[in-house]
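# Notes for the structure review
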Amino acid sequence: MRRSFRLVSVAGLFAALAVAGCQERDRGGQAGAEVRKGHEGAAVQQPGTTPPAAGQQQAQQPGAQAEPIRDLTIVLVTPERPTLFNRQFDLVGAQVQRVSNDRVFWIGPSADRVVPAYLDDQARSALQQAQHKLQKGDQIALVGQIREAPSAQLLQQQWGLSTQDAQELNNMQAYLYVTRILLGAKPGVQGGEQQGTQGGQPGGQGR
């Protein structure tokens with residue numbers, strides 16, 4: 001009886017160990033499946049592909065310049081004139097509506113739709129050499145840059161404008177800084193010629 005009991009006990013021990021081994025293998029298989037599943041999910045997200053934060057945009061390349069303005073109507077109908085500051089213009093067939101002095105005049109399709117213009121030293125000298133004085137009705141071509149209008153006080157003191165003209169020009173917010181002018185023809189814009197001279201800029205206010 002003792003030998004039989006020992007045999008039964010040893011057999012029971014082996015059976016218990018076998019069951020325990022099967023359970024361990026089952027747990028190991030489940031853990032391995034979870035690990036493999038985790039790796040598969042991680043493989044979907046590639047490094048370096050994180051989308052940019054909301055509102056993040058690439059900055060525009062500095063120095064990118066827009067085409068010159070060739071239609072005066074663009075200046076007339078633009079409500080936010082500061083958006084035009086530093087834009088180049090190349091106008092042909094512009095009509096002079098009135099003249100304030102030998103530097104400042106007004107161009108546009110009619111007397112009540114005008115844009116002020118200012119001649120720099122080079123443009124003014126060209127007219128003087130041609131012995132021509134601008135007057136109402138002249139058809140001209142202009143090249144230059146749109147700039148911010150100075151204060152009304154400076155316009156009276158340094159540009160020699162009347163109170164009315166100074167206030168009107170200041171209200172326009174912008175004016176045409178003219179570096180080249182021709183009568184009834186289009187200035188030939190060559191490399192570097194659009195800039196003209198800065199000597200005719202009064203008080204450094206025409207930016």
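Residues numbered from 1 in each chain as written. Predicted model: local features only at pLDDT ≥ 70, side-chain atom pairs only at ≥ 80, totals over all residues. Heavy atoms only, no water.

## Side note on the side chain of R103
Relative to the elements of secondary structure, R103 occurs in the loop between β1 (88–99) and β2 (104–110). Classification of R103 by relative accessible area gives buried; the value is 14%. One polar contact links the side chain of R103 to the main-chain carbonyl oxygen of L119, over a distance of 2.8 Å. Side chain to side chain, R103 and D121 meet in a polar contact 2.7 Å long. (Helix = DSSP H or I, 4+ residues; strand = E, 2+ residues; numbered from the N terminus. Buried < 20%, exposed > 50% of the residue type's maximum accessible area, 1.4 Å probe, protein only. Polar contact = N/O pair within 3.5 Å; in protein donor to acceptor, adjacent residues only side chain to side chain.)

## Focus on the packing of aromatic side chains
One pass over the full model with this rule turns up four aromatic pairs. Centroid distance Y118 to Y177: 6.0 Å. Interplanar angle 20°. Geometry classified as stacked. You can see Y118 sitting in strand β3 (residues 113–119) and its partner Y177 sitting in strand β5 (residues 174–183), a full 59 residues away along the chain. Of the two residues, Y118 and Y177, neither departs from the other in class, the shared state being buried. For the pair W159 and Y175, a centre-to-centre distance of 5.1 Å together with 80° between the ring planes defines the contact as edge-to-face. On the criterion of sequence distance, the pair formed by W159 in the loop between α4 (152–157) and α5 (163–172) and Y175 in strand β5 is long-range, its members being 16 residues apart. In this structure, W159 and Y175 share a single accessibility class: buried. In this structure, R147 packs its charged tip against the face of Y177, placed 3.8 Å from the ring centre. (Phe/Tyr/Trp six-rings, centres within 6.5 Å; stacked < 30°, edge-to-face > 60°. Lys NZ or Arg CZ within 6 Å of the ring centre and 35° of its normal.)

## Observations regarding the pattern of salt bridges
Counting across every chain of the model gives five salt bridges. Put simply, D165 and R98 hold a salt bridge, and the shortest N to O gap is 3.5 Å. Placement of the pair is D165 in helix α5 and R98 in strand β1, with a sequence separation of 67 residues. The closest approach of N and O atoms between R98 and E168, which form a salt bridge, is 2.6 Å. One end of the pair, R98, is in strand β1; the other, E168, is in helix α5, and 70 residues separate them in sequence. Several salt bridges converge on common partners, so that one network encompasses R98, D165 and E168. (Salt bridge = Lys/Arg side-chain N within 4 Å of Asp/Glu carboxyl O.)

## Focus on the confidence of the model for the chain
Overall, the prediction assigns the chain a mean pLDDT of 74, with 57% of residues at 70 or greater. Counting contacts from residues 189–207, a segment whose pLDDT is below 50, to residues more than four positions away or on other chains yields 50 contacts. (pLDDT = per-residue confidence, 0-100. Contact = heavy atoms within 4.5 Å.)

## Regarding the environment of T78
By the element assignment, T78 lies in the loop between α2 (72–77) and β1. Residue classification places T78 among the buried positions, given a relative accessible area of 17%. A distance of 2.4 Å separates the side chain of T78 from the backbone oxygen of I74, its partner in a polar contact.

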